[in-house]
Amino acid sequence: MREIPLFKLIERLETAAALDPVIRRVKGVVDGVIRPQWLRDTLHGVWVGHPLHPIAVQVPVGAWMSAGILDLLPRTHVGARTLVGVGVAAAIPTALAGYTDWARLHDRQLRVGIVHSAATLVATGLYAASFLQRAKGRHGSGKALSFTGLAVVSAAAFLGGHLSYRQAAGVNHAVDTLERFPRGWHPIGSLADLDEGRLMRRSVGELLLVVYRRGEHVMALSDACSHLSGPLSEGRLVVGDEPCVECPWHASTFSLISGDVVRGPATANQPRFDTRVVAGTVEVHLPEA
Ligand code: FES
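The structure displayed is predicted, hence computed values, not measured ones.

Conventions used here
Residues numbered from 1 in each chain as written. Predicted model: local features only at pLDDT ≥ 70, side-chain atom pairs only at ≥ 80, totals over all residues. Heavy atoms only, no water. UniProt positions renumbered as here; feature names shortened; annotations may be inferred. Helix = DSSP H or I, 4+ residues; strand = E, 2+ residues; numbered from the N terminus. Salt bridge = Lys/Arg side-chain N within 4 Å of Asp/Glu carboxyl O. Buried < 20%, exposed > 50% of the residue type's maximum accessible area, 1.4 Å probe, protein only. Phe/Tyr/Trp six-rings, centres within 6.5 Å; stacked < 30°, edge-to-face > 60°. Lys NZ or Arg CZ within 6 Å of the ring centre and 35° of its normal.

Caption draft 1: Seen up close, the UniProt feature "domain: Rieske" (unreviewed entry) in the protein. Within the UniProt annotation, "domain: Rieske" (unreviewed entry) is assigned to residues 185–284. Within the segment residues 185–284, helix and strand shares are 0% and 50% respectively, and the terminal C-alpha atoms sit 5 Å apart.

If you want it as structure tokens, here you go:
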């Protein structure tokens, strides 16, 4: 399929290392401001089960689109101004959720994301100016600023789409396991070869698992982290109320017992395998396969 020229432009953006110093500074601010883990997890959307940002975006963009429609109709000044104001107010928590996710991405994604966020900030500024103009009764300039903001936020949305659908930011990177893992029970090696209290890597065909042995019991999760495919078997074992694995890339933490996300940035649980020991050999089975 022929690539449309716009994508060539965005691919150039992905490799624009000139943006990296700015990215480092913005990341520093984000990490400094959004510091408590509970706040990060809330903004990532761990409690929702997928990223909060795309849900939150509905409010400002929906309000601004609706304001645009009202602006084309007669005697709708109050309604349009209210919607513009609602959009500006909602843009703040939406941006916080977006920046929290963004700060835990790969370099190419960070570059597209910083331009996406800059465009969104410009659009929000235009809408804020529009609101002030409308409040002063200058409806003509208020509408002009709104429609300019709509064009800018649409460009930002296009980049956001690229980030999600081309660059796979925010998607569940462990979901393929459910489709690719063969049904039934499969051997992954002898129990005696598994060191107790250590994370180890095993495989079934090309699919990798992180395995943890406690006594005669073995726990196993898919090795590729649901956030961005980090190798969990190279991560850190966290032994608290229940044993967990912390991803070496961005510190998402998963229960080794259930596969549930204990802390983000991951929002999707890790595929968990049933295990059994047959004549000294450990076997795994993926219930959802
Ligand atoms: S790849 Fe990002 S937390 Fe695992």
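Caption draft 2: Looking closely at the pattern of salt bridges. Tallied over the entire structure, the rule returns 12 salt bridges. Between Arg201 and Asp223 there is a salt bridge; the shortest N-O distance is 3.4 Å. Here Arg201 is found in strand E2 (residues 199–204), whereas its partner Asp223 is found in the loop between strand E4 (217–222) and strand E5 (236–239), with 22 residues between them in sequence. According to the relative accessible area criterion, Arg201 is partly exposed, its value standing at 35%. The class of Asp223 is buried, set by a relative accessible area of 3%. Measuring nitrogen to oxygen at the nearest pair gives 2.8 Å for the salt bridge that ties Arg276 to Glu283. Beyond isolated ion pairs, a larger network of salt bridges with shared partners links Arg201, Asp223 and Glu234.

Caption draft 3: Molecular detail of the packing of aromatic side chains. Tallying each qualifying case throughout the model produces four aromatic pairs. With 5.9 Å between their ring centres and 40 degrees between their planes, Phe7 and Phe158 make a pair best called tilted. Here Phe7 is found in helix H1 (residues 5–14), whereas its partner Phe158 is found in helix H8 (residues 139–166), with 151 residues between them in sequence. With a relative accessible area of 35%, Phe158 lands in the partly exposed category. Measuring from centroid to centroid gives 4.1 Å for Trp64 and Tyr127, while their planes differ by 5 degrees, and the two rings are stacked. Of this pair, Trp64 sits in helix H5 (residues 58–71) while Tyr127 sits in helix H7 (residues 107–135), and the two are 63 residues apart along the sequence. Directly above the ring of Phe7 sits Arg166, whose terminal nitrogen or CZ lies 4.1 Å from the centroid. Over the ring of Trp185 we find Arg276; its NZ or CZ atom is 4.1 Å from the centre of that ring.

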